[in-house]
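Here is what each chain is made of, one letter per residue.
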Amino acid sequence: MSLPIAPKPALRRFHQARWDEPVIFELSTPGERGVLVTAVEPALREAVGDVVAALPEGLARREAPALPEMGQMRVLKHYLRLSQENLGADLNVDIGQGTCTMKYAPKVNERIISTPKLAAMHPLQDPADAQGALEIIWRTERMLAEVSGMDEVSLHTQGGSAAIWANIAMIRAYHEANGEGEQRREVITTIFSHPSNAAAAKAAGYDVITLHPDADGYPDLEALKRALSPRTAAIMVTNPEDTGIYNPAIREWVDAAHAVGALASYDQANANGILGITRARDAGFDVCHFNVHKTFGTPHGSGGPGTGANGVSAALAPFLPGPRVVREGDRYEVREAGQQSIGAIGPFHGVVPNIVRAYAWIMALGAEGLRAVAETAVLNNNYLMKRILDIPGASAPYATGRRRIEQVRYSWQELFEETGISSEEIGIRASDFGMHYWTSHHPYVVPQPFTLEPTESYSKAELDEYADVLAEVAREARETPEVVRTAPHHQTVHHTHHDDLDDPERWAITWRAYRRKYPDAVGA
Amino acid sequence: MTEPFVHPYIPNTAPDVRAEMLAAVGAASVEEFYADVPEDLRLGRPLDLPEPLVAEADLERHVSGLLAKNVPTTERLSFLGQGTYAHHVPAVVDEVIGRSEFLTAYAGEPYEDHGRFQALFQYQSLMGELLSMDVVNVPTYDGFQATATALSMAGRMTGRRRVLVASDVLPAKLSKVRDYVRVHLELEFVAPVDGTAEVAAVADRLDADVAAVWVETPSRTGALEHRLQELADAAHSVGAILVVGTDPVGYGVLTPPAEQGADIVCGDIQSLGLHQWYGGAHAGFIAVHDDPKFVMEMPSRLFGLEATDVPGEVGFGDVAYDRTSFAHREEGKEWVGTAAALWGIAAGVHLALMGPQGMRELGEVLLARTAYAQRALGAIPGIRLTDGAAHMREFAVDVSDAGLTAADVVRALRAEGIEPGVPAGEHELVVCVTELTTQRDIDRLATAVTGLVAASAAESAATLDTVATPEEHRA
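Residues numbered from 1 in each chain as written. Chains lettered and ligands numbered in written order. Predicted model: local features only at pLDDT ≥ 70, side-chain atom pairs only at ≥ 80, totals over all residues.

K.L.:
Go over the overall build of chain A, please, and point to the residues and values.
P.N.:
Of regular secondary structure, chain A possesses 16 helices and 11 strands. Put simply, chain A has 524 residues, and 60% of those count as buried. Residue pairs at least 24 apart in sequence account for 73% of intrachain contacts in chain A once pairs closer than 6 positions are excluded. (Helix = DSSP H or I, 4+ residues; strand = E, 2+ residues; numbered from the N terminus. Buried ≥ 20, exposed ≤ 12 C-beta atoms within 10 Å, placed from the backbone. Contact = placed C-beta atoms within 7 Å.)

K.L.:
Got a sec to walk through the overall build of chain B? Specific residues and values, please.
P.N.:
Each helix and strand counted, chain B has 15 helices and 15 strands in total. Classification of the 475 residues of chain B by burial places 62% in the buried group. In chain B, the proportion of contacts linking residues at least 24 apart, taken out of those at least 6 apart, comes to 72%.

K.L.:
Lay out the UniProt feature "domain: Glycine dehydrogenase C-terminal" (unreviewed entry) in chain A in plain terms, naming residues and giving numbers.
P.N.:
Annotation from UniProt places "domain: Glycine dehydrogenase C-terminal" (unreviewed entry) at residues 374-482 of chain A. Between the C-alpha atoms that bound residues 374-482 of chain A the distance is 40 Å, and the span itself is 50% helix and 7% strand. (UniProt positions renumbered as here; feature names shortened; annotations may be inferred.)

K.L.:
Lay out unusual backbone geometry with the relevant residues and their values.
P.N.:
The peptide bond linking Gly304(A) to Pro305(A) adopts the cis configuration, its omega dihedral lying at 10°. If you trace the backbone, Pro305(A) turns up in the loop between helix 10 (292-295) and strand 7 (308-312). For the bond running from Thr217(B) to Pro218(B), omega is 0°, close enough to zero to count as cis. Relative to the elements of secondary structure, Pro218(B) occurs in the loop between strand 5 (210-216) and helix 9 (228-237). For Arg393(B), which is not glycine, the phi torsion reads 75° and is therefore positive. Among the secondary structure elements, Arg393(B) is positioned in the loop between strand 11 (384-385) and strand 12 (394-398).

K.L.:
Could you give me a rundown of the interface of chain A and chain B, with the residues and numbers involved?
P.N.:
Many authors give the size of an interface as the accessible area that is lost as the parts come together. Each partner contributes to the interface: chain A provides 178 residues, whereas chain B provides 177 residues. Across the side of chain A that touches chain B, the residue classes break down as 98 nonpolar, 54 polar and 26 charged. (Nonpolar A, V, L, I, M, F, W, Y, C, P; charged D, E, K, R; others polar.)

K.L.:
Now, about the pairing of strand 3 (residues 162-165) of chain B: what can you tell me, with residues and values included?
P.N.:
Residues and elements named next belong to chain B. Residues Arg162 and Leu164 of strand 3 are buried on one face, and the alternating residues Val163 and Val165, pointing to the opposite face, are buried as well. In the sheet, strand 3 pairs with strand 4 (residues 186-189) via four bridges, with the strands oriented parallel. Looking at strand 4, one finds that Arg162 is bridged to Glu186. Following the backbone out of strand 3, through helix 7 (residues 171-181) and into the adjacent parallel strand 4, one traces a crossover that is right-handed. (Pairing = 2+ DSSP bridges. Right-handed = clockwise from strand over helix to strand, strands pointing away.)

K.L.:
Describe the packing of helix 11 (residues 352-389) of chain A against helix 1 (residues 15-25) of chain B, listing the residues and the values that go with them.
P.N.:
In the contact formed by helix 11 of chain A and helix 1 of chain B, the axes pass within 9 Å of each other and the chain directions differ by 45°. Taken as axis vectors, helix 11 of chain A and helix 1 of chain B run oblique relative to one another. Like other packed secondary-structure pairs, helix 11 of chain A and helix 1 of chain B cross with a definite hand, here left-handed. Here Leu379(A), Asn382(A), Tyr383(A) and Lys386(A) of helix 11 of chain A lie close against helix 1 of chain B, whose contacting residues are Arg18(B), Met21(B), Leu22(B), Ala24(B) and Val25(B). The class makeup of the residues in the contact of helix 11 of chain A with helix 1 of chain B is six nonpolar, one polar and two charged. (Axes fitted to C-alpha atoms, helices over the stretch in contact; angles between N-to-C directions. Parallel < 35°, antiparallel > 145°, perpendicular 65-115°, else oblique. Left-handed = near helix turned anticlockwise from the far one by under 90°.)

K.L.:
Can you explain the sheet that holds strand 2 (residues 135-136) of chain B? Please cite residues and give values.
P.N.:
Residue and element names in this part refer to chain B. Taken together, the seven strands give an open sheet; going across it, the order is 2-8-7-6-5-3-4, and neighbouring strands pair in mixed fashion. At either end of the open sheet lies a strand with only one pairing partner, and these are strand 2 and strand 4. Alignment of strand 5 against strand 6 (residues 241-246), held across five bridges, turns out to be parallel. Note on strand 6: the bridge partner recorded for Val213 is Leu242. Lying on the sheet, helix 9 is in contact with strand 5 and strand 6; it crosses strand 6 at an angle near 145°.

K.L.:
Let's hear about the packing of helix 11 of chain A against helix 2 (residues 56-67) of chain B: which residues, and what values?
P.N.:
Across the interface, helix 11 of chain A lies against helix 2 of chain B with an axial gap of 10 Å and an inter-helix angle of 140°. Here helix 11 of chain A is positioned oblique relative to helix 2 of chain B, judged by the angle of their axes. The crossing of helix 11 of chain A and helix 2 of chain B is right-handed. On the side of helix 11 of chain A, the interface is formed by Val356(A), Tyr359(A), Ala360(A), Met363(A) and Ala364(A), while helix 2 of chain B contributes Leu59(B), His62(B) and Val63(B).

K.L.:
Account for helix 2 of chain B, naming residues and giving values.
P.N.:
The terminal C-alpha atoms of helix 2 of chain B lie 16 Å apart, and with 12 residues this matches the ideal 16 Å at 1.5 Å per residue to within 8%. Listed in full, the buried residues belonging to helix 2 of chain B are Leu59(B), Val63(B), Leu66(B) and Leu67(B). Take helix 2 of chain B and look down its axis: the buried residues cluster within an arc of 105°, on one side only. Within helix 2 of chain B, the exposed residues directed more than 90 degrees away from the buried face are Ala57(B), Arg61(B) and Gly65(B). Against helix 3 (107-113), helix 4 (116-119), helix 5 (131-148) and helix 11 of chain A lie the buried residues of helix 2 of chain B. (Expected span 1.5 Å × (residues − 1). Arc of directions from axis to C-beta.)

K.L.:
So, helix 5 (residues 114-131) of chain B: which residues are in play, and what are the values?
P.N.:
Residues and elements named next belong to chain B. Under the 1.5 Å per step criterion, the end-to-end length of helix 5 is 25 Å for 18 residues, consistent within 8% with the ideal 26 Å. Across the 18 residues of helix 5, 18 count as buried, placing the element largely inside the fold. Positive backbone phi, approximately 55°, marks Ser132, located one or two places after helix 5.

K.L.:
How would you summarise the pairing of strand 4 (residues 232-238) of chain A if you had to cite specific residues and measurements?
P.N.:
Every regular strand shows the same layout, with side chains that alternate between the two sheet faces. Residues and elements named next belong to chain A. Most of strand 4 sits inside the fold, with seven of its seven residues counted as buried. In this structure, strand 2 (residues 186-190) lies alongside strand 4, joined through four bridges in parallel fashion. Among the inter-strand pairings, Thr189 is bridged to a residue of strand 4, identified as Met236. In terms of strand pairing, strand 4 meets strand 5 (residues 263-267) through five bridges, oriented parallel. By the bridge assignment for strand 5, Ala234 is matched with Leu263. Each parallel crossover has a hand, and the one from strand 4 via helix 9 (residues 250-259) to strand 5 is right-handed.

K.L.:
Pulling in residues and values, what's your account of the environment of Leu59(B)?
P.N.:
Counting through the fold element by element, Leu59(B) comes out in helix 2. For Leu59(B), a count of 21 C-beta atoms within 10 Å corresponds to the buried category. Discounting residues that sit within four places of it in the chain, Leu59(B) has contacts with Val108(A), Ala360(A), Met363(A), Ala364(A) and Leu53(B).

K.L.:
Kindly report on the UniProt feature "domain: Aminotransferase class V" (unreviewed entry) in chain A, identifying the contributing residues and their values.
P.N.:
UniProt tags residues 140-330 of chain A as "domain: Aminotransferase class V" (unreviewed entry). Here residues 140-330 of chain A runs as 30% helix and 23% strand, with 16 Å between its end C-alpha atoms.

K.L.:
Explain the environment of Val183(B) residue by residue, including any values.
P.N.:
You can see Val183(B) is positioned in the loop between helix 7 and strand 4. Take Val183(B): there are 13 C-beta atoms within 10 Å of it, and that puts it in the partly exposed class. Through-space distance from the C-alpha of Val183(B) to that of Arg161(B) is 9.3 Å; in sequence the pair is 22 residues apart. Filtering out sequence-adjacent residues up to four positions away, Val183(B) remains in contact with Ala204(A) and Gly205(A).

K.L.:
Pulling in residues and values, what's your account of the sheet that holds strand 2 of chain A?
P.N.:
Residues and elements named next belong to chain A. Strand order across the open sheet formed by seven strands is 1-7-6-5-4-2-3, with mixed pairing between neighbours. The open sheet is flanked by strand 1 (152-157) and strand 3 (207-211), the only strands paired with a single partner. The average undirected angle you get between the axes of adjacent strands in this sheet is 20°. Docked against the sheet, helix 6 (residues 160-177) engages strand 1, strand 4, strand 5, strand 6 (287-291) and strand 7, running at close to 30° with respect to strand 7.

Written out as structure tokens, the structure reads:
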């Protein structure tokens, strides 16, 4: 072969790194060291003597923990190889994880936070020494208050579900403060709202009522009215729902809840398409939350830490978690939670590095930029929907002929009926092309579901590439189904067997449990 | 600002592409996509936000300028702890969790995100060795949540409501736990004696309606509980569960609670390779024995080992997924969601680097520095150690005999660039040392406190003189 180089094929010839790296315990070599600990000064040692021998009886560990012994570079290499066997948003067209808003987390924000001026700050330092951190927390709260229209915002929670918990904890405290804690025992949510709304409400002691949509996929106002009663503590709903359908009667939902004395809690996990378009407060909500790691561009960290932003009306403000950052003149101070506060929802002020990242993200965009984020996310979604619906066997149940906001829950039901290939199998095969793909939360109300959310971060060419991959996998499902069934073929590992995960006799949740249960295993 | 608005984070703001995409979907404008959003809910004006800094250099200058107002612990002498600790973070830890592949991943499947599954399975396993327990969760938010969930698990398993709290607990942690469990559980406090649990008093309160005995070791003031086995035996004798909240940093040298009867061990992993981040880097662990009664009550994800089609290949998956709210909404155990996975990966790298010898040496250094600091401060007239228990990393001093309040000490020493500790009551100050606190640092603190005590004594003597013998003074 010689120049010129032939054109690229239509689809990327991807293969993910496959290092076949052992579990780290198998890399141990007795006596190797990964990092050394600063030693105590001889004079100090002499002054205190043998501190381990001086421990009360039984307190000194008899057998050293069986941690691996490894040189530093081998530890590094092991984990870098594992990192290559992981597909972050920086590497793939990460639009297959609908509801999760896998947008670009700007690199400049990583550089900004990588300073001892943030990393080496202790949360109980003199506030005079923490003016920068406090000012950023305060300013971020105020900006999110404007974006949501709410009066006060707290950034204490570490993820969306933690923020949902904070919502219901504040609602519970509010009703108790009004003497209605005993009376209001029910929370109403919808099946296309995030499952944590139902689960957190249950954990807070409530009975949960889950409403299904009307025949066209829209939240059912009449069903809500039938479910509401003086027993209702709150409605807890996502809007747009995970179908990407915006509830046009959201104001009526909130009004109906208020009419029976219930509060309205807005899960804004899916807010990316409505930034600067419409706000929680304008629909009358009492509390809401954003998933800051989704909508406001902080990295998802392989599953956290995230950040939740809880917004509340003035009536709910006394119940916010503490401590609060307050501005006094041009200084920032820390104020302990008040009498009615739900207290410390977590340590200190929340995931501060994420708060700084979110602050920088909003400051990079401004009002016009946030609106461009929303409009582009929605344009991308409707463009992608067109591309997906052009694939034979794919459909978008509900709201037929209508536009969607920022994501769509699609279905491969037709393809499944034709080929027997499931949505899960399609997802595994899509990974052979370097793509993430996710089905849906459970239960699968939409049959053979998949949920795509393109956000604003990906170019048209990337959206086309993703759609081309799904079209190719759908073609394979018809023409060469074994290729799909036996996938993955270009991945870190081959088809994995799930048989051992649900049997307490056989599951292995740590290496030590594995060695105990399978003493004859090679390498164990 | 570019005109038309094109932003580096939003490729499809490029005008031609945008027009092409609109044409492809047959829309005249993006407005058509919002047909379901009623007019009266529209904001109808631009958001009132600060003028943006769209150029990267401007943004960096602005935010870094704000952060420059901070004076971090590296520029002060800090003895602050109470939940967040200044330990050394190995460079390799930061390198690994800074990788795009881990940093920007989320929830991929065990194939394309094999690395995440393996790194977190290894975290679980490394923690398991440190704690001598067979099951550890993918991290939850923080130690507060881990403890709240551990107690909730005990409540569900026993069907009982009472929890005996046998140790001093951080107030913020108690605040979280109390609000989290209060529908299901009642907390009863059994006051510690001389820093640690009063076993006889706990035993007296135990009955067949107690769900759990909750012990914290180190306690709020760093005291190490040395009668865990007796507490475990007492709890177990009435069918109650022993929940031990702890910091794993000491278990290279300390006996793990599981070897002294603990049923659930929980806490925070910030000490294992995470910077302080102004208190913004916490993650919670919950560890249990490999008993399905316990495992099936855990809300978090648990990654387990699996075989693949290829002999010798290591695969991973979710163990007992049906426990979770992902599988069954409100029928799952509490809930699961985005929590603190990256910090778990960091803690795993940290433990792999430290190895058994490193964790042992770290534990010894912490004990030695703590003991030295206790002696140095306890030797100052008017400064008294509040208890005789063994301590790791933190201890409390009572400054009342010096005529001072804890706030006085903080205020005075801050003026010298020293954060001497955290007040815990009017006269008690909780002082924290780590392996990074040198002998010279401790001596400097002791000198500063000695000076303050002397000044206070001189002042009160002067006051006494003034009151007692005004005539003499005039003369």
